[in-house]
Structure formats: structure tokens, C-alpha cells
Amino acid sequence: MSEQTVVNCPGCGRAVIWNETSPYRPFCSKRCQLIDLGEWAAEEKRIPSSSDLSDSDGWSEEQHD
């Protein structure tokens, strides 16, 4: 008999069984999944970095010689 892995939904905190019967894992539902995606798209969430540079700092599309 194998143990079931249970995780908390990152959106609402509800318990989610981590297996094939949970298609939105680690989320409990499509709703929580889409809310999380929207937060990333709106840049409300981000992966921290040691650099404070913006995406456009330090480079240019123009060639400098």
C-alpha cells in the first residue's frame, strides 16, 4: 500500500491529492490555477533575483562599436 502525497493549493490552501486524479495539481481547481497565472502575468508575483536591473537595462537593440 502506497501513501498518498497531499499538498496545499497555493491559491486557497485547500488540500490536494498529488496524483492523476487531480489534473490541476498543485492547484485544487482551474479557477485557482487561472488566478495564479493572472498574478504572474500582471507581474504581481516574480522570482527574486540579486540583480536590480530592469529587463532593458544594460542592453540595446542598437549596435555600439
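Because the structure is predicted, anything quoted here is derived from the model rather than measured. (Residues numbered from 1 in each chain as written. Predicted model: local features only at pLDDT ≥ 70, side-chain atom pairs only at ≥ 80, totals over all residues. Heavy atoms only, no water.)

Draft legend 1. Structural context of the side chain of Ser22. Secondary-structure assignment places Ser22 in the loop between strand 2 (15-17) and helix 1 (30-41). Overall, the relative accessible area of 13% leaves Ser22 in the buried class. Looking at Ser22, its side chain comes within polar contact range of the main-chain oxygen of Ile17, at 2.6 Å. In this structure, Ser22 is in contact with Val16 and Ile17, ignoring residues within four places of it in sequence. (Helix = DSSP H or I, 4+ residues; strand = E, 2+ residues; numbered from the N terminus. Buried < 20%, exposed > 50% of the residue type's maximum accessible area, 1.4 Å probe, protein only. Polar contact = N/O pair within 3.5 Å; in protein donor to acceptor, adjacent residues only side chain to side chain. Contact = heavy atoms within 4.5 Å.)

Draft legend 2. Fine view of helix 1. Here helix 1 is 12 residues long and its end C-alpha atoms lie 16 Å apart, about the 16 Å a rise of 1.5 Å per residue gives. Note on helix 1: the residue one or two positions beyond its end, Glu43, has a positive phi of about 60°. (Expected span 1.5 Å × (residues − 1).)

Draft legend 3. Molecular detail of the state of the cysteines. What the rule picks out here adds up to 0 disulfides. Free cysteine: Cys32, not disulfide-bonded; nearest cysteine sulfur from Cys9 at 3.7 Å. Judged by relative accessible area, Cys32 falls into the buried class, the value being 8%. (Disulfide = S-S within 2.5 Å.)

Draft legend 4. Focus on the pattern of salt bridges. Counted by the stated rule, this structure contains 2 salt bridges. Between Lys45 and Asp36 there is a salt bridge, with its nearest N and O atoms 2.3 Å apart. Taking relative accessible area as the criterion, Lys45 reaches 29% and is therefore assigned partly exposed. Looking at Asp36, the relative accessible area reads 15%, which means it is buried. The closest approach of N and O atoms between Glu39 and Lys45, which form a salt bridge, is 3.2 Å. Here the residues in one salt-bridge network are Asp36, Glu39 and Lys45, joined through shared partners. (Salt bridge = Lys/Arg side-chain N within 4 Å of Asp/Glu carboxyl O.)

Draft legend 5. Expanded view of unusual backbone geometry. A cis amide bond links Arg25 to the next residue, Pro26, at an omega of 10°. Non-glycine residue Glu43 carries a positive phi angle of around 60°. Mapped onto the secondary structure, Glu43 falls in the segment after helix 1.

Draft legend 6. Here's a closer look at the environment of Pro26. Inspection of the secondary structure assignment puts Pro26 in the loop between strand 2 and helix 1. Pro26 sits in the partly exposed class, given a relative accessible area of 27%. Between the C-alpha atoms of Pro26 and Cys9, which are 17 residues apart in sequence, the distance is 5.7 Å. Once you skip the residues sitting within four places of it in the chain, Pro26 turns out to touch Val7, Asn8, Cys9, Pro10, Val16 and Trp18.

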